[in-house]
There are 2 protein chains.
Amino acid sequence: MIIRIESESDIPIYLQISNQIIEGIARGYIKAGQALPSVRSFAADLGVNMHTVNKSYHHLEQKGIIRIVPKSGAVIASPQDFNESTINKLKDEYKHLIAESLVIGMPTIQITELVDTLLEEFKKSNGQLK
Amino acid sequence: MIIRIESESDIPIYLQISNQIIEGIARGYIKAGQALPSVRSFAADLGVNMHTVNKSYHHLEQKGIIRIVPKSGAVIASPQDFNESTINKLKDEYKHLIAESLVIGMPTIQITELVDTLLEEFKKSNGQLK
DNA sequence: TTTTTGTTCTATACAAAATAGAACAGATTT
DNA sequence: AAATCTGTTCTATTTTGTATAGAACAAAAA
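In this text, all values refer to a predicted model and were calculated from it rather than measured experimentally.

K.L.:
Help me understand the protein's contact with DNA strand C in this model?
P.N.:
DNA strand C sits among 20 residues. The nearest are A:Arg40, A:Lys71, B:Ile13, B:His51 and B:Thr52. Here the atoms of DNA strand C within 4 Å of the protein split so that 62% fall in sugar or phosphate, with bases taking the remainder. Between A:Ser72 and DNA strand C, the recorded distance is 3.3 Å, taken from a backbone N or O atom to a sugar or linking oxygen. In the environment of DNA strand C, a base nitrogen lies 3.3 Å from a nitrogen or oxygen atom belonging to the side chain of B:Arg40. When its residues are assigned to classes, the surface near DNA strand C shows six nonpolar, nine polar and five charged.

Pasting the structure below:
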């Protein structure tokens, strides 16, 4: 899996890393149970600081997406028992995103089609999706 | 239209204001051509600084959602001629949001249903939506 | 045993966010 | 015409977030 860091981006580096890992999991490039690179080697690959990768991992762990085993490493979690809070935050993000889409004049049909297209795209990369 | 500021939130105040204005427009509580409160009166109502509201207004203007007439005031813009860049940024946000939803185990059906439900909810508040 | 692992600590540098106060000039209201 | 209100601009301070750096620790892995 290839991760690209854009230093000019207004998105913090640790979030760029987190987001691309999430996409990698969704596309099936990395699967539950598999280990992520160590914070040191990953940082060296990406050309960023160790603490930045560490922050990204803890960000993903707080979302329940990975498990960090102390003194061992980080592993992709199984998609199960996610707390209500995580789901509610996602729902709020959907609400805001849809609101903004409507405000700039996107018809509802275009929104549903966009979502369907993206879902199909992920399914194409990852056959295991339900 | 009621706007609530959560000072404990990790979302910056100026974004909380922007987001709730966007939702207000999507729901039809405020319509194109209508004026927003002055930065000073709005700041007084919300209990925040004038410059924070000003930042929010400029943030909305940069998105093309409102127009700021110098020495006069801010007005809701008409949903027209939005640049490709704005739409592409929205598409990226949809992509990431869907990826995260899939990763935490949401079935695709639940995602499309959530989007449909939210769209219906906005339509119920705002009959003018296409 | 040596290396690697995440963790923890101190430290520095920079940018963003939020507040505050003052002043300006144009628009609006009275 | 005068007074008020408008967004704008400027300086200033405080707090928080981001990113880097280096060092040390103890447990796990090779």
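K.L.:
Looking at this model, I keep getting lost on the environment of A:Thr108. Mind explaining?
P.N.:
Inspection of the secondary structure puts A:Thr108 in helix α5 (residues 108-125). Between the C-alpha atoms of A:Thr108 and A:Ile98, which are 10 residues apart in sequence, the distance is 9.0 Å. A:Thr108 has contacts with A:Leu102, B:Leu119, B:Lys123 and B:Lys130, leaving out every residue within four places of it along the chain.

K.L.:
Sorry, what's going on with the packing of aromatic side chains here?
P.N.:
Given two aromatic rings, one states the distance between the centres and the angle between the planes to describe the pair. Residues and elements named next belong to chain A. In total, this model carries two aromatic pairs over all chains according to the counting rule given. Aromatic side chains Phe42 and Tyr57 sit 6.4 Å apart centroid to centroid with 45° between the ring planes, which places their arrangement in the tilted category. Here the residue Phe42 occupies a position in helix α2 (residues 39-46), and Tyr57 occupies one in helix α3 (residues 50-62), the gap between them amounting to 15 residues. Considered together, Phe42 and Tyr57 belong to a single accessibility category, that of buried residues. The ring of Tyr14 has Lys55 lying over it, and the distance from NZ or CZ to the ring centre is 4.6 Å.

K.L.:
Sorry if this is basic, but what is going on with the interface of chain B and chain A here?
P.N.:
Size of an interface: often given as the accessible area lost when the parts come together. Facing the 40 residues of chain B at the interface are 40 residues of chain A. Roughly 4300 Å² is buried in total at the junction of chain B and chain A, and carbon and sulfur atoms are behind 79% of that figure. The interface formed by chain B and chain A contains two salt bridges. Residue A:Glu100 pairs with B:Lys63 through a salt bridge whose shortest N-O separation is 2.6 Å. Inspection of the region where chain B meets chain A yields eight residue pairs in polar contact (both at pLDDT 80 or more). Among the elements of the structure, α1 (13-26), α4 (84-103) and α5 (108-125) of chain B are those that each provide at least two residues to the side of chain B that touches chain A.

K.L.:
Looking at this model, I keep getting lost on the relation of the copies chain B and chain A. Mind explaining?
P.N.:
The operation relating the two chain copies consists of a rotation about an axis and a shift along that axis. For the pair chain B and chain A, the best superposition has an RMSD of 0.2 Å and corresponds to a rotation of 179° with a translation of 0.1 Å parallel to the axis. Such a combination of turn and shift is consistent with a two-fold rotation axis. By residue overlap, the copies meet face to face through one surface: 100% of the interface positions of chain B are interface positions in chain A.

K.L.:
Explain the protein's contact with DNA strand D to me, please; I cannot follow it from the model alone.
P.N.:
Taken together, 20 residues sit near DNA strand D, with A:Ile13, A:His51, A:Thr52, A:Lys55 and B:Lys71 positioned nearest. A breakdown of the atoms of DNA strand D within 4 Å of the protein gives sugar and phosphate a share of 61%. Side-chain polar atom of B:His58 to a phosphate oxygen of DNA strand D: 2.7 Å apart, as the coordinates give it. Elements with a contribution of two residues or more to the surface near DNA strand D: α1 (13-26) and α3 of chain A together with α2 (39-46) and α3 (50-62) of chain B.

K.L.:
What am I meant to see in the UniProt feature "domain: HTH gntR-type" (unreviewed entry) in chain A here?
P.N.:
With numbering aligned to this structure, UniProt lists the feature "domain: HTH gntR-type" (unreviewed entry) at residues 11-79 of chain A. With 51% helix and 12% strand, residues 11-79 of chain A has its two end C-alpha atoms placed 26 Å apart.

K.L.:
When you look at the side chain of A:Arg27 in this model, what are you seeing that I'm missing?
P.N.:
Following the sequence through the fold, A:Arg27 ends up in the loop between α1 and α2. Once residues lying within four places of it in the same chain are set aside, the contact partners of A:Arg27 are A:Glu121, A:Phe122, A:Ser125, A:Asn126 and B:Lys95.

K.L.:
Teacher, can you tell me more about the pairing of strand β2 (residues 73-76) of chain B here?
P.N.:
The two faces of the sheet receive side chains in turn, since in a regular strand these alternate between them. Residue and element names in this part refer to chain B. Looking at chain direction, strand β1 (residues 66-69) and β2 are connected through four bridges and run antiparallel. The partner of Ile66 across the bridge, within β2, is Ile76. Hairpin connection, β1 to β2: the antiparallel pair is bridged by three residues, and Lys71 has positive phi, about 65°.

K.L.:
How do you make sense of the packing of helix α4 (residues 84-103) of chain A against α5(B) when you look at a structure like this?
P.N.:
What describes two packed helices is the angle between their axes and the distance between those same axes. Running from N to C, α4(A) and α5(B) point in directions that differ by 55°, and their axes come no closer than 10 Å. Between α4(A) and α5(B), the angle falls in the class oblique. Helix-helix and strand crossings are classified by hand; for α4(A) and α5(B) the assignment is right-handed. Counting all contacts with α4(A), which are made through A:Lys91, A:Tyr94, A:Lys95, A:Ile98, A:Ala99 and A:Leu102, the residues of α5(B) involved are B:Ile111, B:Leu114, B:Val115, B:Leu118, B:Leu119 and B:Phe122. For the contact of α4(A) with α5(B), the residue count by class is 10 nonpolar, no polar and two charged.

The rules behind the values
Residues numbered from 1 in each chain as written. Chains lettered and ligands numbered in written order. Predicted model: local features only at pLDDT ≥ 70, side-chain atom pairs only at ≥ 80, totals over all residues. Heavy atoms only, no water. Near = heavy atom within 4 Å. Polar contact = N/O pair within 3.5 Å; in protein donor to acceptor, adjacent residues only side chain to side chain. Nonpolar A, V, L, I, M, F, W, Y, C, P; charged D, E, K, R; others polar. Helix = DSSP H or I, 4+ residues; strand = E, 2+ residues; numbered from the N terminus. Contact = heavy atoms within 4.5 Å. Phe/Tyr/Trp six-rings, centres within 6.5 Å; stacked < 30°, edge-to-face > 60°. Buried < 20%, exposed > 50% of the residue type's maximum accessible area, 1.4 Å probe, protein only. Lys NZ or Arg CZ within 6 Å of the ring centre and 35° of its normal. Buried area = accessible area lost by both parts, 1.4 Å probe. Salt bridge = Lys/Arg side-chain N within 4 Å of Asp/Glu carboxyl O. Least-squares fit on C-alpha atoms with pLDDT ≥ 70 in both. UniProt positions renumbered as here; feature names shortened; annotations may be inferred. Pairing = 2+ DSSP bridges. Axes fitted to C-alpha atoms, helices over the stretch in contact; angles between N-to-C directions. Parallel < 35°, antiparallel > 145°, perpendicular 65-115°, else oblique. Left-handed = near helix turned anticlockwise from the far one by under 90°.

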